[in-house]
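# Per-entry structural report
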Amino acid sequence: MSYAMPRVRPSSNGTMVDGFGRRIEYLRISVTDKCNLRCVYCMPEDGLPWLRRSEILTYEEIAEIVRVMADMGLRRLRLTGGEPLARKDLPRLVDLLAAVPGIEDIALSTNAVLLAPVAKRLRDAGVSRVNISLDSLCADRADAIARRPGTLARVMEGLDAAHAVGFDPIKINVVLMRGHNDDEVPDFAELSRDRPLHVRFIEVMPTESNLELSATNFLSCDEALSRVAVVDALEPVPGPAGNGPATYFSFPGAQGTIGVITPMSHNFCSRCNRMRLTADGQLRPCLFGTIQTPLRDALRHGEALEPLINETLRIKPEKHLLVQGSAEGSGGLIALSQTGG
Ligand code: SAM
Ligand code: SF4
């Protein structure tokens, strides 16, 4: 397998366009590789070899990279991890990012276990919307999938807090796993009927630590949708505000929507609008693969970042090369938590 060659010369001048003509204005920032959960599809039970503190970008360094990229055309940010709320005083980073000229939107991806006490502070600092990961509505199962007791109760507290402080939209991310949560697909979909909740089903992607699960327990979004359509008719809808690759549907008259994210069954890379910054300052043009540009040391040595960012834009791959049951396409990733998912 090999990547296609870029066809378009990337431009900057306040607009970032990659070698395939895609406009890039969205950056997913992983603020930590650590997490308080160990979701079975994401992280090994014993964790990973964690980054050292000195290897991790400071909040000021993250803000400086965002400042340079905002001058080049970056407009929207998402804070992710690992678990972003596991890093101390995340609202302080939001304060810094919200002050960067050109940044229009800051979102958060979280497991919500630690959200309730900081939800208001995050909202006040400038986070407008949240994606919350939740893979089962049954307490025993949610705890087993997260490999941590008490998970469901705390996620629900986080979800209530998210509503109370006015994050909008609120999306629930559900990773589909046959035998773990496939029978709950209609129940998750029902959450969108009477509440302004946007439930998104995600096909599990293979990384080195989940090869068996991602092959044996794979459930496609087509199959998940067919289970929902048995309950009630679904109609295609535009979907809530966001930057993502999801395709949306809704029950007639529902307040929320049902989204599907299909990295395995229906490739959506031609619509890609993003790059990623890892906790240790690697700028990654794709979630998967081996291409990344180390920005941290250049920043610490006072070197210009723009040429490095432009070069990363130029070599952004046309698409991911994931193959079920194989670690090859993920480019040596052990877990998605290493790049922010
Ligand atoms: N800890 C936060 C959370 O869980 O939302 C943010 C980081 S997590 C890596 C970001 C997203 O990636 C979550 O929605 C998670 O469910 C998803 N994810 C992690 N590993 C995955 C995999 N192998 N396949 C599909 N989605 C995955
Ligand atoms: Fe942690 Fe999120 Fe990965 Fe679960 S999906 S282990 S919450 S980083």
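Heads up: these notes are all about the structure in this document. What you are looking at is a predicted structure, and each value in this text was computed from that prediction instead of being measured. (Residues numbered from 1 in each chain as written. Chains lettered and ligands numbered in written order. Predicted model: local features only at pLDDT ≥ 70, side-chain atom pairs only at ≥ 80, totals over all residues. Heavy atoms only, no water.)

## Some thoughts on the overall build of the protein
- A count of helical and extended segments in the protein gives 10 helices and 12 strands.
- For 341 residues, the compact-globule estimate of 2.2 N^0.38 gives 20 Å, and the protein sits close to it at 19 Å.
- The principal-axis extent of the C-alpha atoms belonging to the protein is close to 55 × 45 × 40 Å.
- When burial is assessed residue by residue, the protein has 56% of its 341 residues classed as buried.
- A sequence separation of at least 24 residues applies to 73% of the contacts in the protein between residues at least 6 apart. (Helix = DSSP H or I, 4+ residues; strand = E, 2+ residues; numbered from the N terminus. Rg over C-alpha atoms; globule rule 2.2 N^0.38 Å. Buried < 20%, exposed > 50% of the residue type's maximum accessible area, 1.4 Å probe, protein only. Contact = heavy atoms within 4.5 Å.)

## A word on the site of ligand 1
- Taken together, 20 residues surround ligand 1, and among them Tyr41, Gly82, Glu83, Ser133 and Met205 come closest.
- Met205 has a polar backbone atom sitting 2.9 Å from a nitrogen atom of ligand 1.
- In this structure, Asn210 approaches ligand 1 through a side-chain N or O atom, which is 3.3 Å from a nitrogen atom.
- For the shell around ligand 1, the elements supplying multiple residues, two or more each, are strand S3 (105–110), strand S5 (170–176) and strand S6 (197–203).
- Class assignment of the residues belonging to the shell around ligand 1 gives a composition of 7 nonpolar, 11 polar and 2 charged. (Near = heavy atom within 4 Å. Polar contact = N/O pair within 3.5 Å; in protein donor to acceptor, adjacent residues only side chain to side chain. Nonpolar A, V, L, I, M, F, W, Y, C, P; charged D, E, K, R; others polar.)

## Focus on the environment of Val68
- Take Val68: it is sitting in helix H1 (residues 59–72).
- Residues Val68 and Leu305, spaced 237 residues apart in sequence, show a C-alpha to C-alpha distance of 7.3 Å.
- In this structure Val68 touches Leu305, Glu306 and Ile309, once residues within four positions along its chain are discounted.

## What to know about the sheet that holds S6
- Taking strand neighbours across the sheet as the criterion, the 12 strands line up as S7-S8-S9-S6-S5-S4-S3-S2-S1-S10-S11-S12 in an open arrangement whose pairing is mixed. Every other strand in the sheet has two partners, leaving strand S7 (235–237) and strand S12 (293–294) as the edge strands with one partner each.
- As judged from the 3 bridges shared by strand S8 (residues 247–250) and strand S9 (residues 257–261), these two strands associate in the antiparallel manner. When the bridges of S9 are listed, Phe249 appears paired with Ile258.
- Docked against the sheet, H1 engages strand S1 (26–30), strand S2 (76–80), strand S10 (274–277) and strand S11 (282–284), running at close to 170 degrees with respect to S1. (Pairing = 2+ DSSP bridges. Axes fitted to C-alpha atoms, helices over the stretch in contact; angles between N-to-C directions.)

## Notes on the packing of aromatic side chains
- Summed over the entire model, instances satisfying the criterion amount to 0 aromatic pairs.
- The aromatic ring of Phe251 is capped on one face by Arg193, whose charged end is 4.1 Å from the ring centroid. (Phe/Tyr/Trp six-rings, centres within 6.5 Å; stacked < 30°, edge-to-face > 60°. Lys NZ or Arg CZ within 6 Å of the ring centre and 35° of its normal.)

## Topic: the pattern of salt bridges
- Tallied over the full model, the rule gives 21 salt bridges.
- Residue Asp124 pairs with Lys120 through a salt bridge whose shortest N-O separation is 2.7 Å. On the criterion of helical spacing, the pair formed by Asp124 and Lys120 is a turn pair, its members being 4 residues apart in helix H3 (residues 119–125).
- Connected through salt bridges with shared partners, the residues Arg178, Asp182, Glu223 and Arg227 form a single ionic network. (Salt bridge = Lys/Arg side-chain N within 4 Å of Asp/Glu carboxyl O.)

The quantities given are spatial measurements derived from coordinates; they are silent on function.
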